[in-house]
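Reading the structure
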Amino acid sequence: MLKTALCLLKLYYCVPRTSELTSLLEANDKESVLFQQWLTTDRCNLETITKTIDEFVPYFVEKVDKLITHDFIYKEQSSFLRDKKDSLKQGEVLTICDFSENYSFIIQNSAQGYHWNNSQATIHPFEVYYRKENKLENLSFIIISEVLTHDTTAVQLFISKLLDFIKQSIDFSKITFMSDGAAAHYKNKKKFASLCSFRSNYGLEAEWHFFATSHGKDPCDAVGGTLKRMAKRASLARDYGNTITTPRELYDWAVKQSDIHITKLNFCFISNEQYAKMTHELEELYTYSHVKTIPGTQKFHSFVPISENQIEAKKFSNSKDNPKKFTLFQID
């Protein structure tokens, strides 16, 4: 099975690919091909599929085409991140951001029904890189929030708190963001519109780059995982009179721990009231219904504003091709 798969991949690079693959399969007196594939609807399952040779060959070629493109983007974006760290200048900040899985509260010896309690806290780490005296330094900043809506408004609110935090320690004029390409909160027209207004809102140049799909593993995962692991251990060690069962209690515990055990982590709490206020402010600032969606958004992995309403997009960050220019909305 494995040998056949390797042969198929090797022959894929031959010309003509389709005829070579068809000949290989027919030479083995195969009328159909049985294979397994991960399929996703609302969740992912490993399915066993049977196709005739005429159906399988173009299907296989199409999937390998996508795999090769995906692998190329993954390597290019990883290379960009390494190069960016190495070439970071004074006055520039590189920030990696990612939502951690929500933290679910736990109580030692809880009643059976507590298992179905949906009380959670949002955890959103930022890992900040900057250069100090020609040495690369980093800061970890973690948002703990009772806001469970992971959307563009939440991200914009989190970023505003991040910038306030960075300005306390670093003098900078440009910030570069890197994240996964989640369309709900990072990679959408609302985020691009707010990115274009970074200079007018914060007095900073800003650009946003994206990892390849499902390849956004980064220090944020380690930071968020460390916080949740320590919080779970602390919760299980506490009695009923001293539980951690709300986002605010989680934040208060984390701040105390940052003075003792996790000194390199910095925390900020975001309330539902702050989220509601930011929602109102963004509604006044942008009429999102007038903001245009960038065609083929998910194919681009680099977005750099060139004006208050225009942005340049490239398929990968170090691309030598001329970037595509898009006007997001009209300025009156």
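The notes below deal with the structure included here. (Residues numbered from 1 in each chain as written. Predicted model: local features only at pLDDT ≥ 70, side-chain atom pairs only at ≥ 80, totals over all residues. Heavy atoms only, no water.)

**Comments concerning the overall build of the chain**
What counts here: A helix here means a DSSP run of H or I that spans at least four residues, while a strand means a run of E at least two residues long, and both kinds are numbered starting from the N terminus. Only protein chains enter the area calculation, which uses a 1.4 Å probe; residues under 20% of their type maximum are buried, those over 50% are exposed, and those in between are partly exposed. Only the protein chains shown count as cover for residues, and all accessible areas are computed by the Shrake-Rupley method using a 1.4 Å probe. Two residue types count as positive, namely Lys and Arg, and two as negative, namely Asp and Glu; His and chain ends fall outside the count. Charge positions come from single atoms, namely NZ of Lys, CZ of Arg, CG of Asp or CD of Glu.
Within the chain one finds nine helices and twelve strands. C-alpha extents for the chain along the principal axes are approximately 70 × 60 × 45 Å. The buried share of the chain, reckoned over its 332 residues, is 44%. Just so you have it, the chain exposes about 18,900 Å², and 50% of that area is on carbon and sulfur atoms. Each charge sign in the chain was given a centre, from 41 positive and 41 negative side chains, and these centres are 3 Å apart.

**Here's the deal with the packing of helix 4 (residues 152-167) against helix 5 (residues 189-196)**
Operational definition: With axes taken as lines fitted to C-alpha atoms, and helix axes fitted only over the stretch in contact, angles between N-to-C directions fall between 0 and 180 degrees. For classification, angles of less than 35 degrees are called roughly parallel, those exceeding 145 degrees roughly antiparallel, those between 65 and 115 degrees roughly perpendicular, and all remaining angles oblique. Handedness of a crossing follows from how the near helix is turned relative to the far one, being left-handed for an anticlockwise turn of less than a right angle and right-handed for a clockwise one. Throughout, a residue-residue contact means that at least one pair of heavy atoms, one from each residue, lies within 4.5 Å. Put simply, Ala, Val, Leu, Ile, Met, Phe, Trp, Tyr, Cys and Pro go in the nonpolar bin, Asp, Glu, Lys and Arg in the charged bin, and everything else, Gly too, in the polar bin.
The geometry of helix 4 relative to helix 5 is characterised by a closest axis approach of 9 Å and an angle of 30 degrees between their N-to-C directions. Regarding the angle of helix 4 to helix 5, the classification is roughly parallel. Our pair here, helix 4 against helix 5, has a crossing hand that is right-handed. Between helix 4 and helix 5, the residues in contact are Thr152, Val155, Gln156 and Ile159 and Lys190, Lys191 and Ser194, respectively. Taken together, the residues of the contact of helix 4 with helix 5 sort by class into two nonpolar, three polar and two charged.

**What about the nonpolar core?**
For clarity, the cut-off: Only buried residues count toward a nonpolar core, which is a set of Ala, Val, Leu, Ile, Met, Phe, Trp, Tyr and Cys residues joined through side-chain atoms within 4.5 Å.
If you look at the biggest cluster of nonpolar residues, it comprises 48 residues, and the most contacted ones within it are Ile166, Ile175, Phe198, Trp208, Phe303 and Ile311. Sorting elements by how many residues they give to this core places helix 4 first, with nine residues. Counting 19 residues, the second largest nonpolar core, distinct from the first, contains Tyr103, Ile142, Ala231 and Trp253.

**Side note on the pairing of strand 5 (residues 120-132)**
Applicable threshold: When DSSP finds two or more bridges between two strands, those strands count as paired.
Within strand 5, eleven of the 13 residues are buried, leaving the element largely enclosed by the surrounding structure. With five bridges joining them, strand 3 (residues 92-97) and strand 5 adopt antiparallel strand pairing. Bridging across to strand 5, Thr95 finds its partner in Val128. The pairing of strand 4 (residues 103-104) with strand 5 spans two bridges and is classified as antiparallel. Bridge pairing links Tyr103 to Ala121 in strand 5. Relative to strand 6 (residues 135-145), strand 5 is paired through eleven bridges, and the arrangement is antiparallel. Opposite Thr122, over in strand 6, you have Ser145 as the bridge partner. Counting the residues in the hairpin turn of strand 5 and strand 6 gives two residues, including Glu133, whose phi is positive at 50 degrees.

**Observations regarding the pattern of salt bridges**
What counts is decided by this rule: The working definition used for a salt bridge is a side-chain nitrogen of Lys or Arg within 4 Å of a carboxyl oxygen of Asp or Glu.
Applying the stated criterion across every chain, the model contains five salt bridges. Between Lys75 and Asp71 there is a salt bridge, with the nearest N and O atoms lying 3.1 Å from each other. One end of the pair is Lys75 and the other is Asp71, both in helix 3 (residues 53-87) and four residues apart, which spans about a single turn. The exposure class assigned to Lys75 is partly exposed, which follows from its relative accessible area of 49%. Here Arg248 makes a salt bridge to Asp252, at a shortest N to O gap of 3.6 Å. Of this pair, Arg248 and Asp252 both sit in helix 8 (residues 247-258), separated by four residues, roughly a single helical turn. Taking the relative accessible area as the measure of exposure, Asp252 reaches 34% and is therefore partly exposed.

**Some details on the packing of helix 7 (residues 219-236) against helix 8**
For the pair helix 7 and helix 8, interaxial distance at closest approach is 11 Å and the crossing angle is 100 degrees. Relative to helix 8, the element helix 7 is oriented roughly perpendicular. Contacts between helix 7 and helix 8 involve Leu227, Met230, Ala231 and Ala234 from the first element and Leu250, Trp253 and Ala254 from the second. When its residues are assigned to classes, the contact of helix 7 with helix 8 shows seven nonpolar, no polar and no charged.

**Thoughts on the packing of aromatic side chains**
The condition is simple: When the centres of two rings from Phe, Tyr and Trp lie within 6.5 Å, Trp using its six-membered ring, the rings pair. Their planes under 30 degrees apart give stacked, over 60 give edge-to-face, and anything left gives tilted. The rule for a charge over a ring is simple: NZ of Lys or CZ of Arg within 6 Å of the ring centre, and within 35 degrees of the ring normal.
With the rule as written, the count across this model stands at 19 aromatic pairs. Between Trp208 and Phe210 the ring centres are 6.3 Å apart and the planes differ by 25 degrees, which places this aromatic pair in the stacked class. Each member of the pair, Trp208 as well as Phe210, is classed as buried. A connected cluster of aromatic rings, assembled from ring pairs, spans Phe99, Phe158, Phe177, Tyr186, Phe192, Phe198, Tyr202, Trp208, Phe210, Phe300, Phe303 and Phe326. It is Lys51 that lies over the ring of Tyr59; its NZ or CZ is 4.6 Å from the centre.

**Considerations on the environment of His70**
Mapped onto the elements, His70 comes out in helix 3. Residues His70 and Thr213, 143 residues apart in the sequence, show an inter-C-alpha distance of 7.8 Å.

**A word on unusual backbone geometry**
Within the chain, Glu133 stands out as a residue other than glycine whose phi angle is a positive 50 degrees. Within the secondary structure, Glu133 is located in the loop between strand 5 and strand 6.

**A word on the environment of Ile142**
Structurally, Ile142 is set in strand 6. On the basis of relative accessible area, Ile142 is assigned to the buried category, the value being 0%. In this structure, Ile142 is in contact with Ile123, His124, Pro125, Val223, Leu227, Leu265, Asn266, Phe267 and Cys268, ignoring residues within four places of it in sequence.

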